[in-house]
Structure formats: structure tokens, C-alpha cells
Amino acid sequence: MISRTEIATLGEFGLIRRLTEGMKLKNKSSQYGIGDDAAVLSYPANKEVLVTTDLLLEGVHFDLIYVPLKHLGYKSAIVNFSDIYAMNGIPQQITVSLGLSKRFSIEDMEELYAGIRLACEEYNVDIVGGDTSSSYTGLTISITCIGEGEKGKVVYRNGARETDLICVTGDLGAAYMGLQLLEREKSVLRRVDKELQPDFAGKEYLLERQLKPEARRDIIEKLAEEGIKPTAMMDVSDGLSSELLHICTQSNVGCRIYEEHIPIDYQTAVMAEEFNMNLTTCALNGGEDYELLFTVPIADHEKVSEMEGVKLIGHITKPDLGCALITRDGQEFELKAQGWNPLKEESHATEKSEESK
Ligand SMILES: Nc1ncnc2c1ncn2[C@@H]1O[C@H](COP(=O)(O)OP(=O)(O)O)[C@@H](O)[C@H]1O
Ligand SMILES: Cc1ncc(C[n+]2csc(CCOP(=O)(O)OP(=O)(O)O)c2C)c(N)n1
Ligand SMILES: [Mg+2]
């Protein structure tokens, strides 16, 4: 059994020391990291500095019944890197802020940090600071990521223009099916035998996409190599429909995407069938794909259609045509943002005192 040491035995500073032991700064832009009142960063004049932040709350964004802490740490860092790549930038530093309840031991935090540190090693990012405090309500993780973009090369959500092509990387809906699978096994295990291990054979890809997603650094590198600067770009965290509507609203354009071109993995399709769910709906609204959605001028058609891992799914239109999906049988449906929304009624957390009323 893994030993359990109360966080109180080390205190805040002891814990921070333990978690950040042996960390070395890798990037030139990281002048000074952990240990003072603020980190010191230094970016050259030809770079833009990009800043993004994400808040992850236990029970809202993750469930520790089926998410190992190391995976959670890895994913918390990755979702921030993904936002920097979505600006056509390169992540350089993160700060990590934690709210911890008494349920968590030093060993738990070491696991979480092992995941964060692994992601930082793989993506060449420095951890330069953070904050640690106690919490009454489980685990809270907030990561801020700082990245660099080349002046004139940063890509916003508002640059899509009529006739541009709409591209998406990888495949969609798998992380969502992974979550459905884990939720199903959780409720089955609760009812039956605690010792029984669920059988995930043939569904590994879905679990990997939910538990250990990657950010598309490779695509950003390839676009640069090919000399392509997307006109608009964002990452798919809440679902393709929702993100496409963001791009179209902010760019004041409409769009047409084609059901038959939406990239979906075989395992996602099998799982949707098993759950009796509409596959296209899952791919459009599932979320947590952390793929890149971008638009390019029609002149780049040949280049993007030859890029591995990139699919053309439609095109940008005049704003008055609205945003629509063309189904396999040629019908047109208005795109709606039905993606995951932590603030919508059913999922909006209720105050404990209100619940007991
Ligand atoms: N509480 C907040 N205060 C200020 N800005 C916020 C807050 N929450 C979100 N934003 C900003 O709103 C914009 C959209 O946020 P969001 O939908 O969360 O984007 P993403 O899906 O990329 O994380 C971003 O520019 C983000 O920084
Ligand atoms: C217990 C649990 N509930 C819900 C989800 C699904 N989920 C968590 S984060 C997320 C999308 C992104 O979250 P958000 O707070 O909107 O991040 P942002 O778009 O701001 O980056 C989704 C679909 C999950 N993985 N686990
Ligand atoms: Mg956000």
C-alpha cells in the first residue's frame, strides 16, 4: 500500500519544496522561477507574449473516482498548452495554483505534480511559480500558461473570411465517449462488486483521449513549415459546434460544414452505437478533444489537403447564410452550441446550504 503523509507535517513551504525539488529552467525567457515574490520573464522585442488560464474543479471538471492524479496533472497542463498553440504560439512557462482539502496527502500531491512535470518536460515548458492553499471542497487546480508568438504571426478567432476553408485536426468525440465509458463503469462498479475490474479492451483509444490528451504542437510546427498562417484558429475544448460558432460570430461570417467530412475514430463510432447515441452529435458537441479548428484562404487548399492529421470539413460563407451542418443526405441543419457548459442550469453547482433547503 502507498504510504500516506499528512500535508500538515510539511506545511505549505515544505510541500512546495518537495514538489518542486530538482526543477531546472529550460527556456531563455524564464529568467527567474520559483522562490521569490514573482517570477521574472524576459521576452525579446520581436515576440508577442500570450497568457491563458484555466480553472479545474473537482466534481465539475474531473472525478477522482476514475481519474488518476498523475493523469489529472498531465491533462491540466496540456489544456493550457493547447490554448497557446491555438494562438499559433509556443508555451514557455506555467504557474500552478492548488486548493487542497485534508483528503489529500503529500504522496497524492507528488503524483499530481509528476503528471504536471511530465507534460512540462515533453512540451519544453518551465514551471515558474504558483500558490498553494487549503480548501474545504476537494481539489482545485488553476494553471496559467505564458507563451510566445512571433509578431505578426499570432492567430485570433476573428479573422475568418468568406470562402476560407474550415479545417480540423485529428478526430472528434473520442474523449467524450471515453468519459461516458468511465461514468458507466463507475455506476456499475458502485452497484456490484468493488473488486471487479472493468474491461476496457478495444476501448483504449477512448480512455487515452479522455485521460491523457495531447496538445497539437505538431500541427503548429507543420503549418509554419508549410508557410501557412490560418486566418482564424481555436482549440476544441467545448465541442466543434460551439467553437465554430465562436469563430463565425467573432469574424462576422457564416459557415457550412459537411457531416461526411467530420473526422471520427472507429472506436468512437462503436461506442456511440453501444450507447445508442447519435455519432455526429457526439462529435459536434462532446468536447475535450483539444484538437485545432482553423480556417485558411482557399489558395492554401492544396497544401492543407495534403497535410497529415488535417481534415477539410467545410467553408466560410457570408454572415446572412448562418452556420449550418449539411448531413449525408443533403439536409441543412443550423449549428447550435450544445457543447459542454459548466454554467448551464443542469450542471451549475448549487451552494451546499441551498441543496439542504
Ligand atoms: N472571470 C473572467 N474574467 C475575465 N476574463 C475571463 C474570465 N473568464 C473567461 N475570461 C475570458 O473570456 C474569454 C473566453 O474564455 P473561454 O470561453 O473560457 O475560452 P477558452 O475556451 O479558450 O478557455 C477569454 O479571453 C478568457 O480569458
Ligand atoms: C466529472 C467530469 N465532468 C465533465 C467533464 C467534461 N469536461 C470537463 S472540462 C470540459 C471542457 C472544457 O472546460 P471549460 O471549463 O469550458 O474550459 P475552457 O473551454 O475554458 O478551456 C469538459 C467537456 C469531465 N471530463 N469530467
Ligand atoms: Mg476558459
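Worth saying up front: this structure is predicted, and the values here are computed from it rather than measured.

1. A word on the sheet that holds strand β8 (residues 232–235)
Stage number 1. Read across the open sheet, the seven strands follow the order β8-β10-β7-β11-β9-β12-β13; overall the sheet is mixed. Taken across any chain shown, the strands that pair with only one partner, and hence form the sheet edges, are β8 and β13 (332–334). Going from strand to strand, the sheet's axes swing by 25 degrees on average, the running direction of each strand aside.
Stage number 2. Summarising the sheet, strand β7 (residues 165–169) and strand β10 (residues 292–296) pair through four bridges and their orientation is antiparallel. Note that in β10 the partner of Val168 across the bridge is Leu293.
Stage number 3. Sheet contacts for helix α6 (residues 217–225): β7, β8, β10 and β11 (310–317); angle to β10, the most-contacted strand, approximately 20 degrees.

2. Let's talk about the UniProt feature "domain: PurM-like N-terminal" (unreviewed entry) in the protein
Stage number 1. Per the UniProt record, "domain: PurM-like N-terminal" (unreviewed entry) is found at residues 35–147.
Stage number 2. Across residues 35–147 one finds 30% helix and 36% strand; the C-alpha atoms that close the span lie 21 Å apart.

3. Things to note about the domain arrangement of the protein
Stage number 1. Segmentation of the protein into domains returns domain 1 (8–150) and domain 2 (164–334).
Stage number 2. Interface of domain 1 and domain 2: buried area, both sides summed, is about 1900 Å²; carbon and sulfur atoms make up 59% of it.
Stage number 3. The three residues of domain 1 that bury the most area against domain 2 are Tyr66, Lys75 and Tyr85, which together make up 33% of that side's buried surface.
Stage number 4. Our count for the domain 1 to domain 2 interface comes out at two salt bridges.
Stage number 5. With a closest N to O distance of 2.6 Å, Glu288 and Lys75 form a salt bridge.
Stage number 6. Inspection of the region where domain 1 meets domain 2 yields nine residue pairs in polar contact (both at pLDDT 80 or more).
Stage number 7. Looking at the side of domain 1 that touches domain 2, the element that brings in the most residues is helix α2 (residues 69–85), giving nine residues.

4. Points about the packing of helix α5 (residues 204–211) against helix α8 (residues 266–274)
Stage number 1. Where α5 meets α8, the closest approach of the two axes is 8 Å, and the angle between their N-to-C directions is 100 degrees. Of the possible angle classes, the one that applies to α5 and α8 is roughly perpendicular. Contacts between α5 and α8 involve Glu204, Tyr205 and Leu206 from the former and Gln267, Thr268 and Met271 from the latter.
Stage number 2. Looking at the contact of α5 with α8 residue by residue, the classes come out as three nonpolar, two polar and one charged.

What counts and what doesn't
Residues numbered from 1 in each chain as written. Chains lettered and ligands numbered in written order. Predicted model: local features only at pLDDT ≥ 70, side-chain atom pairs only at ≥ 80, totals over all residues. Heavy atoms only, no water. Pairing = 2+ DSSP bridges. Helix = DSSP H or I, 4+ residues; strand = E, 2+ residues; numbered from the N terminus. Axes fitted to C-alpha atoms, helices over the stretch in contact; angles between N-to-C directions. Contact = heavy atoms within 4.5 Å. UniProt positions renumbered as here; feature names shortened; annotations may be inferred. Domains from an automatic or database assignment. Buried area = accessible area lost by both parts, 1.4 Å probe. Salt bridge = Lys/Arg side-chain N within 4 Å of Asp/Glu carboxyl O. Polar contact = N/O pair within 3.5 Å; in protein donor to acceptor, adjacent residues only side chain to side chain. Parallel < 35°, antiparallel > 145°, perpendicular 65-115°, else oblique. Nonpolar A, V, L, I, M, F, W, Y, C, P; charged D, E, K, R; others polar.

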